[in-house]
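Results of the structural survey
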Amino acid sequence: DKGNHRHFMAKEIYEQPEVVSHTLAHYIDMSEGLVRLPGDLPFDLADLKRITICACGTAYYAGLVGKYWFEKYARLPVDIDVASEFRYREVPLEPGGLAIFISQSGETADTLASLRYCSSEGQHILSIVNVQESSIARESETSFPTLAGPEIGVASTKAFTCQLAALACLAVAAGRQRGVLAEDDERKLVQALIEVPRLMSQALKLEPRIEALAKELSRARDVLYLGRGLNFPIALEGALKLKEISYIHAEGYAAGELKHGPIALIDEEVPVIVVAPSDTLFEKTISNMQEVAARGGRIVLLTDAEGAQAAGDQPFETLVLPQMYQFVQPLVYALPVQLIAYHTAVFMGTDVDQPRNLAKSVTVE
Ligand code: M6R
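Per chain, residues are indexed from 1 in the order of the written sequence. Residue-level local features of this predicted model are given only where pLDDT is at least 70; pairs of side-chain atoms are given and counted only at 80 or more, and the full residue set underlies all totals for whole chains, interfaces and linings. Side-chain measures here rest on the full set of heavy atoms in the structure, leaving out hydrogens and waters.

Looking up the protein chain in an unreviewed UniProt entry gives the name Glutamine--fructose-6-phosphate aminotransferase [isomerizing], with the organism given as Microbaculum marinum. UniProt positions are given in the numbering used here, feature names are shortened, and annotations may be inferred rather than shown by experiment. As its UniProt record puts it under Catalytic activity (unreviewed entry), the protein chain is described as follows: "D-fructose 6-phosphate + L-glutamine = D-glucosamine 6-phosphate + L-glutamate".

Shown next as structure tokens:
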């Protein structure tokens, strides 16, 4: 049932404040304002030397955000790869390490094969899955749920932000147990997470602006997405969403990579979507944006009020999101990039929920 929405994808985008709030409630002790993981882990987060993360597609991008979080907030090195590469890399792993598998369906063939490999190499296996009766959930030592509810649209939306919610809590728990975060730091991060559903609802109010912008984007042949740090995976995810459902060629890049190649593509015909909240990396990303502007690129800037002011009138369109803690930015900035892809596809008349050539769950290699 699509409710009042035209597509499942729209319904699922709009469900995010609610389902993310459910997922957070599963990992946070709301009365204490601290993380409380569901169930004991069969290993000690304090003893880990490194983490391996494996997933595919959108779930891989969630893992990439997780990597930044584990490294920054828990000082834990993370090796991450797409499962189709990982499974054949013959990665040497030290027994007793932790391997995390992220999957909406829990049935992705490459992710499951990577899980089995890690299991045979003596890793602790933790999965973050949406379908709890799935193979990946069953074969894991510990399986943490994302409480997104059934996701029907082939393009993943709410499963992604719920994966982020679970990973954020796990990273905070790790940071605390490893003595990187003090109780006060944990409280601040948890408070920032608790505010995410409200911030998401605010971000969804950008929809009319995004709808107007989508008309413009639908004429593009190529679209570039740029971001840094925690927002780099959001640039990748934005590009994946756009190509999946609108069939417009899109690439996500770490903003700093621009000069190493993709800048050659920039002309008046190429919209460049820059994900740049005002944070510690803002200045750097904005200087990349200026390089795009100098070559006539049409910039769409996703930022907050402070960022919008600093960026001036160079962008062709600025979407202003609420101000928020850096830690939670990817959870909230995911929504406008989903809406951009959605409205571009709707405008072009493609089959949004069942895009050509794609399956919801990739159970063969
Ligand atoms: O079910 P999974 O999360 O394991 O699926 C992984 C990918 O196949 C999936 O995220 C895919 O990239 C989506 N179509 C993205 O929208």
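Here the focus is the pattern of salt bridges. Any Lys or Arg side-chain nitrogen found within 4 Å of a carboxyl oxygen on Asp or Glu counts as a salt bridge. Scanning all chains against the criterion turns up 21 salt bridges. E195 is the partner of R198 in a salt bridge, and the nearest nitrogen-oxygen pair spans 3.6 Å. Each of R176, E183, E186 and R187 takes part in salt bridges that share partners, so that together they form one network.

Our focus in this paragraph is the pairing of strand β5 (residues 98-103). Whether a residue is buried, partly exposed or exposed follows from its accessible area with a 1.4 Å probe, protein chains only, as a fraction of its type maximum: under 20%, in between, or over 50%, in that order. Strands here are runs of E lasting at least two residues and helices are runs of H or I lasting at least four, both read from the DSSP assignment and numbered beginning at the N terminus. Buried residues dominate β5, accounting for six of its six residues. Residue alternation in β5 divides its side chains into two sets, L98, I100 and I102 and A99, F101 and S103, and both sets are buried. Strand pairing is defined by DSSP finding a minimum of two bridges between the two strands. Two elements, strand β3 (residues 51-55) and β5, share four bridges in a ladder whose sense is parallel. In the strand pairing of β5, I51 is matched with L98. Crossovers are described as right-handed under a simple rule: with the strands pointing away from the observer, the path leading from the first strand over the helix to the second runs clockwise. For the crossover from β5 across helix α5 (residues 109-120) to strand β6 (residues 124-129), the handedness is right-handed.

What the five strands build is an open sheet, ordered β4-β3-β5-β6-β7; its pairing is parallel. At either margin of the open sheet sits one strand with a lone partner, and together these are β4 (78-82) and β7 (142-145). Strand-to-strand twist across the sheet, computed as the mean angle between neighbouring axes with direction ignored, equals 20°. When β5 meets β6, the two strands line up parallel, connected through six bridges. Note that in β6 the partner of L98 across the bridge is H124. Lines are fitted to the C-alpha atoms to define the axes, a helix being fitted only along its stretch in contact, and any angle between axes, read from their N-to-C directions, falls within 0 to 180 degrees.

Turning to the packing of helix α7 (residues 158-177) against helix α14 (residues 329-348), a few remarks are in order. Interhelical geometry of α7 versus α14 gives an angle of 170° and a closest axis separation of 10 Å. Judged by the angle between their axes, α7 and α14 are roughly antiparallel. Residues F160, T161, L164 and A165 of α7 lie in contact with α14, whose contacting residues are P330, L331, A334, L335 and Q338. Polar here means any residue other than Ala, Val, Leu, Ile, Met, Phe, Trp, Tyr, Cys and Pro, which are nonpolar, and Asp, Glu, Lys and Arg, which are charged; Gly is therefore polar. For the contact of α7 with α14, the residue count by class is seven nonpolar, two polar and no charged. Working rule for angles: under 35 degrees goes down as roughly parallel, over 145 as roughly antiparallel, 65 to 115 as roughly perpendicular, anything else as oblique. Note on contacts: a residue pair qualifies if any of its non-hydrogen atoms lie within 4.5 Å across the two residues.

Around the ligand, the structure places 13 residues, and the nearest of them are S103, Q104, S105, T108 and E244. Polar contact is the term for a pair of N or O atoms within 3.5 Å; when the atoms are in protein, one must be able to donate a hydrogen and the other to accept it, and sequence-neighboring residues count only if both atoms are side-chain atoms. A distance of 3.2 Å separates a nitrogen atom of the ligand from a polar atom in the backbone of V154. All accessible areas in this document rest on Shrake-Rupley with a 1.4 Å probe, and a residue is counted as covered only by the protein chains that are shown. Protein contact buries 91% of the 420 Å² of open area that the ligand shows by itself. Those elements that provide at least two residues to the shell around the ligand are α3 (57-74) and α11 (232-246). If you tally residues by element for the shell around the ligand, the top one is α3, at three residues. Summary of the distance rule: residues count as near a molecule or strand when at least one heavy atom falls within 4 Å of that molecule or strand.

With respect to topology, five strands assemble into an open sheet ordered β9-β8-β10-β11-β12, the strand pairing being parallel. The sheet is open, and its two edges are formed by β9 (249-254) and β12 (317-321), each paired on a single side. For this sheet the average axis-to-axis angle between neighbouring strands, irrespective of direction, equals 15°. With four bridges joining them, strand β8 (residues 222-227) and strand β10 (residues 271-275) adopt parallel strand pairing. Bridging across to β10, Y225 finds its partner in I273. Strands in contact with α11 are β8, β9 and β10; relative to β9, the strand with the most contacts, it is inclined by about 175°.

A few words on the pairing of β4. Among the five residues in β4, four count as buried, and that is most of the element. Across five bridges, the pairing between β3 and β4 is parallel. Bridge pairing in β4 places C54 opposite D81. Following the chain from β3 across α3 to the adjacent parallel β4, one finds a crossover that is right-handed.

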